[in-house]
Every structure is written in C-alpha cells, then in structure tokens.
Amino acid sequence: MADLLVEAMANLDRNAVLDNVEKEIKRGTDPLKIIESLSQGLKIVGDLYDKKEYFLAELITAGDVFQNAFQKIKPALEKKGLRTQVRGKIVIGTVRGDLHDIGKNIVTTMLVSSGFYVEDLGVDVPAEKFIEAIKKTDANILAMSALLTVALEAAKETIKLLEKENLRNRVKVICGGAAFDENTAKRIGADAYGKDPLDAVKICQKLLR
Ligand code: B12
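About the criteria used
- All residue numbers here refer to positions counted from 1 along the written sequence of the relevant chain.
- It should be noted that, the model being predicted, local features are given only for residues of pLDDT at least 70 and side-chain atom pairs only at 80 or more, the latter also being counted only at that level, while totals for whole chains, interfaces and linings use all residues.
- Our exposure labels follow a C-beta count within 10 Å of each residue's own C-beta, placed from the backbone: buried means 20 or more other C-beta atoms, exposed means 12 or fewer, and partly exposed covers the counts in between.
- A helix here means a DSSP run of H or I that spans at least four residues, while a strand means a run of E at least two residues long, and both kinds are numbered starting from the N terminus.
- Think of it this way: DSSP has to see at least two bridges between two strands before they count as a pair.
- Given a helix with a known number of residues, its expected span is that number minus one, times 1.5 Å.
- By construction, the arc corresponds to the directions joining the helix axis to the C-beta atoms.
- Two residues qualify as a contact pair if the distance between their C-beta atoms, derived from the backbone, is within 7 Å.
- A clockwise path from the first strand over the helix to the second, with the strands pointing away from the viewer, defines a right-handed crossover.
- The split into domains, and so the bounds of each, comes from an automatic or database assignment of domains.
- Lines fitted to C-alpha atoms define the axes, with helix axes restricted to the stretch in contact, and inter-axis angles between N-to-C directions lie between 0 and 180 degrees.
- Angles below 35 degrees are treated as roughly parallel, those above 145 as roughly antiparallel, those between 65 and 115 as roughly perpendicular, and all remaining angles as oblique.
- In this scheme the handedness of a crossing depends on how the near helix is turned from the far one: anticlockwise by less than a right angle means left-handed, clockwise means right-handed.
- Under this grouping Gly is polar, as are all residues other than the nonpolar Ala, Val, Leu, Ile, Met, Phe, Trp, Tyr, Cys and Pro and the charged Asp, Glu, Lys and Arg.

(A) Fine view of the pairing of strand β1 (residues 89-94). Counting buried positions along β1 gives five out of six residues, so the element sits mostly inside the fold. Where β1 and strand β2 (residues 117-120) come together, four bridges link them in parallel fashion. Across the sheet, V91 pairs through a bridge with E119, a residue of β2. Judged from the five bridges that link them, β1 and strand β3 (residues 141-145) form a sheet pairing that is parallel. If you follow I90 over to β3, its bridge partner there is I141.

(B) Geometry of the sheet that holds β3. Here we have five strands laid out as an open sheet, ordered β2-β1-β3-β4-β5, and parallel in their pairing. Edge positions in the sheet fall to β2 and β5 (192-193), since each of these pairs with one other strand and no more.

(C) Representation of helix α7 (residues 152-164) in the model. End to end, α7 covers 19 Å across 13 residues, agreeing with the expected 18 Å (1.5 Å per residue, within 8%). Buried within α7 are the following residues: L152, A154, A155, T158, I159 and L162. Down the axis of α7, the sector holding all buried residues measures 170°, keeping them to one side. Where α7 is buried, its residues meet α6 (127-137), β3, β4 (172-176) and α8 (182-187). Two residues or fewer past α7, N166 is found with a positive phi of approximately 60°.

(D) Spotlight on the pairing of β4. Within β4, five of the five residues are buried, leaving the element largely enclosed by the surrounding structure. Across the two faces of β4 the burial is the same, with K172, I174 and G176 and V173 and C175 all buried. Relative to β4, β3 runs parallel, the two sharing five bridges. Opposite M144, over in β4, you have C175 as the bridge partner. In this fold, β3 hands off to α7, which returns the chain to β4; that crossover is right-handed. Across two bridges, the pairing between β4 and β5 is parallel. Within β5, the position partnered with I174 by the bridge is A192. After leaving β4, the chain enters α8 and then returns to the sheet as β5, a path that is right-handed.

(E) Looking closely at the domain arrangement of the protein chain. By domain assignment, the protein chain separates into domain 1 (2-80) and domain 2 (89-207). Contributing elements (two or more residues each) for the side of domain 1 that touches domain 2: α3 (31-50) and α4 (56-80). Here the element with the most residues in the side of domain 1 that touches domain 2 is α4; it accounts for eight residues.

(F) How the structure looks around the packing of helix α5 (residues 102-113) against helix α9 (residues 197-207). Direction vectors running N to C along α5 and α9 enclose 45°, while the axes themselves pass 9 Å from each other. The angle between the axes of α5 and α9 places the two elements in the oblique class. As for how α5 packs across α9, the hand of that crossing is right-handed. Facing α5, whose interface residues are I106, V107, M110 and L111, α9 presents P197, A200, V201 and C204. Residue composition of the contact of α5 with α9, grouped by class: eight nonpolar, no polar and no charged.

If you want it as structure tokens, here you go:
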C-alpha cells in the first residue's frame, strides 16, 4: 500500500488517494503508517516544487488532498491515543509568518486523543498571542510548529517573551515541523524537538514528569 499511496499523493491524484486511504482504514492499517505514506508523497511534492516542476497551485492542491484524506484517517487516529497519566495543558500553534498547519493538526489530534488538554491557536500566531493563551489556560507546555526556515526567528521571539514574562521556569517548550531539528530547537532555547505525532506525545509526557 505504501508505494501506491506515496505515488497517488505525489501525483495529486485525489480519487486514488481517498480510495486507498479508505481501503487501508478498512483493512485496519495503523493510521500513523497511512499518514507517513501521505507525508512521503507530500515530501515529493515539495521537492518537485523546489525543482520548479510543480508550482504554488500544486502545493495548494496537495494541502487540500491531504486535508480530505486526514478527515478519513482522524477517527482511527483518535482511537490510537496513548493514554496518559499526566494531565498536562498544552498551547499549540504555527508561529507568526507561517501558514502550514497539516502537521500541527495531526499532532494536536494525537495529543488530544492521548488525554492532554490542548488549546490550538491556529496558524500565523504572534508571540503575544501564545503568551496570552498560556496565561489564560495556565498551560505547562508550549508547542510550536514551523515549516518555513524564515519562521524560526518568530519561534525564538516567543521563547524570549516567555522568559521576559517570567513564565519560562514553569512552561516547557517543544518545537516541531520541517524547519526544526534537534539542534535548531536547542539553539532557539526550546526544551525539546519532536519529529512526529508519537514523538510529540511521548516527549510531552516526559516533560511533565
Ligand atoms: C502543503 C504545503 C503547503 C500548503 C500548506 C497547506 C496547509 N494547510 O498546511 C500551502 C500551499 C499553503 C503552502 C504554502 C507555502 N509553502 Co509550503 N509546503 C507544503 C508541503 C508540500 C507539505 C507540508 C506538509 O503538510 N507536510 C506533511 C505534514 C504531515 O508534515 P509536517 O508538516 O512536517 O509535520 C509532521 C512533523 O514535522 C511533525 N510536526 C509538525 N508540526 C509539529 C509541531 C510539534 C510541536 C511537534 C512536536 C511536531 C510537529 O509532525 C507532523 C506529522 O508527522 C511542503 C513540503 C515538505 N517537504 O514539507 C512545502 C514547504 C514547507 N513549503 C514551502 C514554501 C516555500 C511555501 C511558500 C513560501 C510558497 C510560496 N511561494 O508562496 C508558501 C508559504 C506560505 C506561508 N506563509 O506559510 C517550502 C519551505 C522551504 C523552507 N525551508 O522554508 C517547502 C519545504 C517546499 C519546498 N521544498 O520548497 N505550502
């Protein structure tokens, strides 16, 4: 299945993507495996965009096809949550200047299904809005997503503001999305980097221990 789905996603073949996703769900395939195949397809779309074989219109279609497919996968993903004893409160969002939310939405679904309270602020979230939400919800984790390299600065600013507001000692910070890796996350002052939804849940559980 993996290859078929990767290919269908890379070719932006909406019907083939949705048919294959439905088949895999019926077959009982792990929803995270299905998401992984679709993400590999999206990676190819991104590479083709880089090579100027695809353009903005294709990126938009790719995002749309993925969102449609995700609606079919979501119920299975919700059942998969890793039940947690830790009752953490998380404020999550895509940082200022960045509109990518597909990955963040998957991570949010997985965190909610695992028992966390999650306040999702959406995309293009300025530092001040993150801080306001943390104060309002008394959150103990700030989770930031960024796919654009230029958006890293906004994530760094948010952590700086957290420090300025004297909240840094009680709020842990986790970052994820294609703009980050372990090193970048550390460099901007985060506590952790999460590579995928499972990682996100496990790390958030660990951060609260
Ligand atoms: C779809 C897409 C879009 C869609 C987004 C739709 C949407 N609603 O999100 C649209 C068309 C809007 C778009 C726009 C643009 N895009 Co775009 N896009 C993509 C594409 C093809 C796929 C992204 C995606 O959804 N991947 C699938 C998800 C599941 O993966 P993910 O986001 O990485 O998330 C996973 C993990 O990273 C992690 N994760 C994610 N967030 C978090 C958060 C936490 C806390 C944790 C722990 C984990 C975590 O878990 C997720 C699940 O496994 C990528 C290519 C790529 N390789 O990523 C380019 C890409 C990100 N885009 C790119 C660009 C350049 C743009 C534009 C500037 C294009 C333009 N000329 O306008 C604009 C920018 C708009 C803006 N201001 O943000 C570049 C970025 C280059 C860079 N290094 O900065 C990429 C890499 C393409 C490329 N190769 O050039 N894009």
